[in-house]
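# Notes for the structure review
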Amino acid sequence: DTEVTQTPKHLVMGMTNKKSLKCEQHMGHRAMYWYKQKAKKPPELMFVYSYEKLSINESVPSRFSPECPNSSLLNLHLHALQPEDSALYLCASSSGLAGLKEQYFGPGTRLTVT
Amino acid sequence: RKEVEQDPGPFNVPEGATVAFNCTYSNSASQSFFWYRQDCRKEPKLLMSVYSSGNEDGRFTAQLNRASQYISLLIRDSKLSDSATYLCVVNRGYGQNFVFGPGTRLSVLP
């Protein structure tokens, strides 16, 4: 089973709201990722967690705050977003073992900031 | 120069055609290479990893040329269901840090 689940599927939020995106995998993967994808563009890496520790932050604004409560879960907390943050937010996981294994993606959360 | 570049596309080909996609990367320290496909408004799905010796999976063949920093994907006997955007993915040579190419759109026509 190579399933990564994400909730919610769609989210509309105002610029003063606080919301969270959730991601879950039960493949025993130890690396988890957040990507942002704008229309007609490729996914752009935001954060990487490796063995539940934040290992990469691609200079993402602090209004995005990642959290990895355990090895199966990944959250992305959103606060005071801007309309340009509207995008598809994708979660992915990989085994995290040496050899840089392939990533498996969830279906994404389509976020609209009004 | 962009980190990962791909043929700009789109490619419009008839069913049954053979089509080849090219991808170049700039970081010589990159170690892992993948091809993904992405359907409209869906998530990327792994098509295949790319190994140094080249590898084949049914109608799909991937090649890697480390000296030229070049990756290719060949699709034989194209099907309508192959219509998608094909994304080349390369790691940046440190940690689990991956970068996607811009993608090449393929439309297979009846």
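Reference entry: report on the structure contained in this document. Since the structure is predicted, the reported quantities are computational estimates derived from the model, not experimental observations. (Residues numbered from 1 in each chain as written. Chains lettered and ligands numbered in written order. Predicted model: local features only at pLDDT ≥ 70, side-chain atom pairs only at ≥ 80, totals over all residues. Heavy atoms only, no water.)

In this section: the overall build of chain A. Secondary structure assignment for chain A yields zero helices and eleven strands. Walking chain A from its N terminus toward its C terminus, one meets helices and strands in the order β-β-β-β-β-β-β-β-β-β-β. Here the C-alpha coordinates of chain A stretch approximately 40 × 25 × 20 Å along the principal axes. Counting across all 114 residues of chain A, residues that qualify as buried make up 49%. Across chain A, contacts joining residues at least 24 apart in sequence account for 54% of those joining residues at least 6 apart. Only carbon and sulfur atoms are counted for the fraction: they give 51% of the accessible area of chain A, which is about 5,500 Å². (Helix = DSSP H or I, 4+ residues; strand = E, 2+ residues; numbered from the N terminus. Buried < 20%, exposed > 50% of the residue type's maximum accessible area, 1.4 Å probe, protein only. Contact = heavy atoms within 4.5 Å. Areas by Shrake-Rupley, 256 points an atom, 1.4 Å probe, with all protein chains shown as cover.)

Residue and element names in this part refer to chain B. Following the criterion strictly, the structure yields ten salt bridges over all chains and no others. Ionic pairing is found between aspartate 39 and arginine 37, a salt bridge with its closest N-O pair at 2.7 Å. Aspartate 39 gets classed as partly exposed once you look at its relative accessible area, which sits at 30%. The class for arginine 37 is buried, based on a relative accessible area of 17%. (Salt bridge = Lys/Arg side-chain N within 4 Å of Asp/Glu carboxyl O.)

As for its placement among the helices and strands, glutamine 38 of chain B is situated in strand 4 (residues 33-38). Sequence separation between glutamine 38 of chain B and serine 83 of chain B is 45 residues, and the spatial gap between their C-alpha atoms is 9.3 Å. Those residues within four positions of glutamine 38 of chain B in sequence are excluded, and the remaining contacts are Gln37 of chain A together with Glu43, Pro44, Ala84, Thr85 and Leu87 of chain B. A polar contact of 2.9 Å, which involves the side chain of glutamine 38 of chain B, links it to the side chain of glutamine 37 of chain A. (Polar contact = N/O pair within 3.5 Å; in protein donor to acceptor, adjacent residues only side chain to side chain.)

Scanning the entire structure with this criterion turns up 13 aromatic pairs over all chains. Taking 5.8 Å as the distance between ring centres and 90° as the angle between the ring planes, the aromatic pair formed by phenylalanine 105 of chain A and tyrosine 36 of chain B counts as edge-to-face. Here phenylalanine 105 of chain A is found in strand 10 (residues 104-105), whereas its partner tyrosine 36 of chain B is found in strand 4 on a different chain. By the burial criterion, phenylalanine 105 of chain A is buried, and tyrosine 36 of chain B matches it. Here the aromatic cluster, defined as three or more aromatic residues joined through ring pairs, consists of Tyr33, Tyr35 and Phe105 of chain A together with Phe34, Tyr36, Phe98 and Phe100 of chain B. (Phe/Tyr/Trp six-rings, centres within 6.5 Å; stacked < 30°, edge-to-face > 60°.)

Turning our eyes to something else, we now look at the nonpolar core. Core analysis: the largest hydrophobic core is formed by 26 residues, its most contacted members being Phe21, Trp35, Ile71, Leu73 and Leu106 of chain B. In this structure leucine 73 of chain B touches Val19, Ala20, Phe21, Trp35, Leu47, Met48, Phe60, Thr61 and Tyr86 of chain B, once residues within four positions along its chain are discounted. Counting 24 residues, the second-largest nonpolar core is a separate cluster that includes Leu21, Tyr49, Leu74 and Leu78 of chain A. (Core = buried A, V, L, I, M, F, W, Y, C linked by side-chain atoms within 4.5 Å.)

Residue-level contacts link 23 residues of chain A with 21 residues of chain B. Interface area, chain A with chain B, both sides summed: about 1,800 Å², of which 54% is carbon and sulfur. Here chain A is connected to chain B by one salt bridge. The partner of glutamate 58 of chain A in a salt bridge is arginine 92 of chain B, with the nearest N and O atoms 3.1 Å apart. At the junction of chain A with chain B, the criterion picks out four residue pairs in polar contact (both at pLDDT 80 or more). For the side of chain A that touches chain B, the secondary-structure elements that each account for two or more residues are strand 4 (31-37), strand 5 (44-50) and strand 10 of chain A. Among the elements that line the side of chain A that touches chain B, the one with the most residues is strand 4 of chain A, at four residues. Its residues placed into classes, the side of chain A that touches chain B shows 13 nonpolar, six polar and four charged. (Buried area = accessible area lost by both parts, 1.4 Å probe. Nonpolar A, V, L, I, M, F, W, Y, C, P; charged D, E, K, R; others polar.)

This paragraph deals with the side chain of glutamine 38 of chain B. Judged by relative accessible area, glutamine 38 of chain B falls into the buried class, the value being 8%. Of the polar contacts made by the side chain of glutamine 38 of chain B, one reaches the backbone oxygen of lysine 42 of chain B; its length is 2.7 Å.

Take the sheet that holds strand 7 (residues 64-70) of chain A next. Residue and element names in this part refer to chain A. Taken together, the four strands give an open sheet; going across it, the order is 1-3-8-7, and neighbouring strands pair in antiparallel fashion. The outermost strands of the open sheet, each flanked by one partner alone, are strand 1 (4-7) and strand 7. Pairs of neighbouring strands in the sheet enclose a mean axial angle of 20°, with direction left out of account. Sheet analysis places strand 7 next to strand 8 (residues 73-79), joined by five bridges and oriented antiparallel. Within strand 8, the residue paired with asparagine 70 across the bridge is leucine 73. (Pairing = 2+ DSSP bridges. Axes fitted to C-alpha atoms, helices over the stretch in contact; angles between N-to-C directions.)

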